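In case you want the letters, here they are:
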Amino acid sequence: MARENKIKNTASRGVRGRFAVVSCCCAAVVWISVRADDRFAQAELTTSASHPVEVRNGLFDFGKDGVGWLELHDVTKGDYVVRLGEMTNVEGHVSNPCPRSSIRAYSVTCRVDSARCVVPLPVDRLNTTGWDPKAPAVRLPSRFPVIAPFRFVEVVAASGGVGVGNLVRQMVHHPIDMSRSSFECDNAVLNGIYELCKYSILATSFCGLYVDGDRERTPYEADAYINQLGHYVIDPD
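In short, a report on the structure. The structure displayed is predicted, hence computed values, not measured ones.

Along its length, the chain carries five helices and ten strands. A separation of at least 24 residues holds for 77% of the contacts in the chain among residues at least 6 apart in sequence. When the accessible surface of the chain is split by element, carbon and sulfur atoms take 57% of a total near 12,900 Å².

Turning our attention to the nonpolar core. In this structure, L70, L72, Y80, V82, L84, V153 and L167 are the most contacted members of the largest nonpolar core, which totals 21 residues. Residue assignment for this core shows that the elements contributing at least two residues are β4 (59-73), β5 (78-85), β6 (105-112) and β8 (148-157). Setting aside its immediate chain neighbours within four residues, V153 contacts G58, L59, F60, F62, L70, V82, R83, L84, V94 and L167. In terms of nonpolar packing, the next biggest core, distinct from the first, is built from eleven residues, L45, V67, V138 and V172 among them.

Turning our attention to helix α5 (residues 221-234). Look at α5: 20 Å from first C-alpha to last across 14 residues, which is about the 20 Å you get at 1.5 Å a residue. Within the sequence span of α5, burial applies to A224, N227, Q228, L229, H231, Y232 and I234.

On inspection of all chains with the given rule, the structure shows eleven salt bridges. Close ionic contact of D79 with R111 constitutes a salt bridge, the shortest N to O distance being 3.1 Å. In this pair, D79 sits in strand β5 while R111 sits in strand β6, placing the two residues 32 residues apart along the sequence. On the accessibility criterion, R111 (56% relative accessible area) is exposed. For R104, the salt bridge is made with D214, and the minimal N-O distance between the two is 2.7 Å. Note that R104 is positioned in the loop between β5 and β6 and D214 in the loop between α4 (188-203) and α5, a separation of 110 residues in sequence. Residue class for R104 comes out buried when judged on its relative accessible area of 11%. What emerges from the salt-bridge pattern is a single network uniting R104, D124, D214 and R217.

Moving on to the environment of R180. As for its placement among the helices and strands, R180 is situated in the loop between β9 (167-173) and β10 (181-184). A residue is classified by how much of its surface remains accessible, and R180, at 29% relative accessible area, is partly exposed.

Quick notes on the rules
- Residues numbered from 1 in each chain as written.
- Predicted model: local features only at pLDDT ≥ 70, side-chain atom pairs only at ≥ 80, totals over all residues.
- Heavy atoms only, no water.
- Helix = DSSP H or I, 4+ residues; strand = E, 2+ residues; numbered from the N terminus.
- Contact = heavy atoms within 4.5 Å.
- Areas by Shrake-Rupley, 256 points an atom, 1.4 Å probe, with all protein chains shown as cover.
- Core = buried A, V, L, I, M, F, W, Y, C linked by side-chain atoms within 4.5 Å.
- Buried < 20%, exposed > 50% of the residue type's maximum accessible area, 1.4 Å probe, protein only.
- Expected span 1.5 Å × (residues − 1).
- Salt bridge = Lys/Arg side-chain N within 4 Å of Asp/Glu carboxyl O.

Here you go:
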């Protein structure tokens with residue numbers, strides 16, 4: 001099995017010593033983020049634009065969950081009703097079968113009056129204030145609109161045709177270089193687990209600080225420690 005595994009990781013040399021540095025710095029990073037908005041950490045936040053594939057008429061799939069916002073490009077001016085969320089139900093519609101869960105699904109109406117329209121998303125109180133004054137939610141830079149995690153988009157009503165070229169997801173994330181590391185073996189399940197974990201580090205970096213997702217945008221020391229070690233393995237920036 002060892003001979004069949006093919007592992008490439010540019011961070012492998014001297015990794016033990018580097019982990020020691022990370023463990024010393026981690027608590028300070030989290031403490032600063034709780035005291036105030038960490039503009040230094042958020043200054044590097046960037047976006048990646050992508051188009052979906054059309055699953056069926058009116059239903060589009062971006063392939064993976066991502067935190068960001070949706071834009072309509074070059075569509076007929078008028079009113080549009082769009083559903084976007086992280087999953088679809090058995091009928092193939094974007095929905096959240098468990099409303100009290102942290103799974104996100106939205107139905108929004110927007111008026112398009114320009115070549116580029118940002119689909120407005122509702123503000124989540126927990127993600128803007130936090131659940132406790134001692135653990136406030138991380139505030140995002142004002143250059144970004146309201147963001148949320150979603151993978152699927154369903155166009156319910158439209159004033160004109162909407163295709164894959166008209167839908168753009170702007171995913172917010174830290175500029176992690178995903179090409180700096182890779183893993184491959186003869187076990188497809190293990191390969192899939194690695195890819196899921198690696199992508200999760202990128203997808204949950206949208207605050208500029210380590211959070212567990214959109215459930216609550218509040219960093220915790222132990223969670224951040226584990227996440228930072230994982231980040232350092234895939235891209236030792």
